[in-house]
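The chain contents come next:
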Amino acid sequence: MKKDCIFCKIIEGKLPATRVFENDDMIIINDISPQARRHYLLIPKKHYENIGELSIKDGELLARCLKTFAQNIELLKLENGYRLATNKGNDGRQSVGHIHIHIFGGERLSEIMC
Ligand code: DGP
């Protein structure tokens, strides 16, 4: 856990968030500022600044998170499909420095989304 990280505080329960799913690896919460009818954030519990910090070994954690996500599509009401995105750095418009994957769905999405 990193001091002064918003997502670490949410993971620790020190800041409120609507948790839709949780296991040992990750939480899935509703985004505070949804960009689609359903907009979740998949947040690994281990603190990494962004996807660029992951080693091959760390990639196993990400693979487990994605597999678990894919097994919970009904819970998330994403049976019709979804889009995943992760932002990195200034050009990627990353605003929170804790790795997270945006999950968009619940409607037919626009062709381009930022
Ligand atoms: P990014 O720009 O990729 O770093 O996305 C960060 C997302 O996190 C953005 O869509 C808004 C969301 N967010 C920021 N602070 C909070 C918070 O305190 N709670 C929740 N639920 N979402 C947050």
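Just so you know, these numbers come straight off a predicted model, no measurement behind them.

Thresholds, definitions, all that
- Residues numbered from 1 in each chain as written.
- Predicted model: local features only at pLDDT ≥ 70, side-chain atom pairs only at ≥ 80, totals over all residues.
- Heavy atoms only, no water.
- Helix = DSSP H or I, 4+ residues; strand = E, 2+ residues; numbered from the N terminus.
- Buried < 20%, exposed > 50% of the residue type's maximum accessible area, 1.4 Å probe, protein only.
- Lys, Arg positive; Asp, Glu negative; His and termini not counted.
- Salt bridge = Lys/Arg side-chain N within 4 Å of Asp/Glu carboxyl O.
- Contact = heavy atoms within 4.5 Å.
- Near = heavy atom within 4 Å.
- Areas by Shrake-Rupley, 256 points an atom, 1.4 Å probe, with all protein chains shown as cover.
- Nonpolar A, V, L, I, M, F, W, Y, C, P; charged D, E, K, R; others polar.
- Pairing = 2+ DSSP bridges.
- Axes fitted to C-alpha atoms, helices over the stretch in contact; angles between N-to-C directions.
- Expected span 1.5 Å × (residues − 1).
- Arc of directions from axis to C-beta.
- Core = buried A, V, L, I, M, F, W, Y, C linked by side-chain atoms within 4.5 Å.

### Observations regarding the environment of asparagine 80
Next, step 1: Assignment of secondary structure puts asparagine 80 in the loop between helix H2 (58-70) and strand E4 (82-85).
Next, step 2: Along the backbone, asparagine 80 and arginine 108 are 28 residues apart, and their C-alpha atoms lie at a distance of 8.7 Å.

### A word on the side chain of aspartate 58
Next, step 1: Relative to the helices and strands, aspartate 58 is located in helix H2.
Next, step 2: Within the buried core, aspartate 58 has no salt-bridge partner, and the shortest N-O distance to an opposite charge, that of lysine 46, equals 4.2 Å.
Next, step 3: Setting aside residues no more than four positions away along its own chain, aspartate 58 makes contact with Lys46, Tyr48 and Glu53.

### Digging into the environment of phenylalanine 104
Next, step 1: Mapped onto the elements of the fold, phenylalanine 104 is located in strand E5 (residues 101-105).
Next, step 2: On the basis of relative accessible area, phenylalanine 104 is assigned to the buried category, the value being 6%.
Next, step 3: Residues phenylalanine 104 and glutamate 74, spaced 30 residues apart in sequence, show a C-alpha to C-alpha distance of 14 Å.

### So, the site of the ligand
Next, step 1: The environment of the ligand is made up of 15 residues, and the closest members are Asn30, Asp31, Asn87, Ser95 and His102.
Next, step 2: Here the ligand, which alone exposes 510 Å², has 83% of that area covered by the protein.
Next, step 3: Those elements giving two or more residues to the shell around the ligand turn out to be helix H1 (6-12) and strand E2 (26-30).
Next, step 4: No other element matches H1, which puts three residues into the shell around the ligand.
Next, step 5: Taken together, the residues of the shell around the ligand break down into seven nonpolar, six polar and two charged.

### Structural notes on the sheet that holds E5
Next, step 1: Across the sheet, five strands lie side by side as E1-E2-E3-E5-E4; this open sheet has antiparallel pairing. Sheet topology places strand E1 (19-22) and E4 at the edges, where each strand pairs with a single neighbour. With direction set aside, neighbouring strand axes in the sheet form an average angle of 20 degrees.
Next, step 2: Pairing geometry for E2 and strand E3 (residues 38-44), over five bridges, is antiparallel. Paired with isoleucine 27 across the bridge in E3 is isoleucine 43.

### Quick word on H2
Next, step 1: Here H2 contains 13 residues, and its C-alpha end-to-end distance of 19 Å stays within 8% of the 18 Å for a straight helix at 1.5 Å per residue.
Next, step 2: Asp58, Leu61, Leu62, Cys65, Thr68 and Phe69 are the residues of H2 that are buried. The arc enclosing the buried residues of H2, seen along the axis, measures out at 125 degrees, which places them on a common side.
Next, step 3: Tucked inside the fold, the buried residues of H2 contact E1, E2, E3, E4 and E5.

### Structural notes on the nonpolar core
Next, step 1: Ile28, Leu42, Phe69, Leu78 and Ile103 are the most contacted members of the largest nonpolar core, which has 16 residues in total.
Next, step 2: Elements supplying a minimum of two residues to this core: E2, E3, H2 and E5.
Next, step 3: Take this core: its biggest share by element is four residues, from H2.
Next, step 4: Not counting chain neighbours up to four residues away, the residues in contact with isoleucine 28 comprise Thr18, Arg19, Val20, Phe21, Tyr40, Leu41, Leu42, Phe69, Leu76 and Ile103.
Next, step 5: Residues Ile10, Ile11, Ile43 and Val96 belong to the second largest nonpolar core, which totals ten residues.

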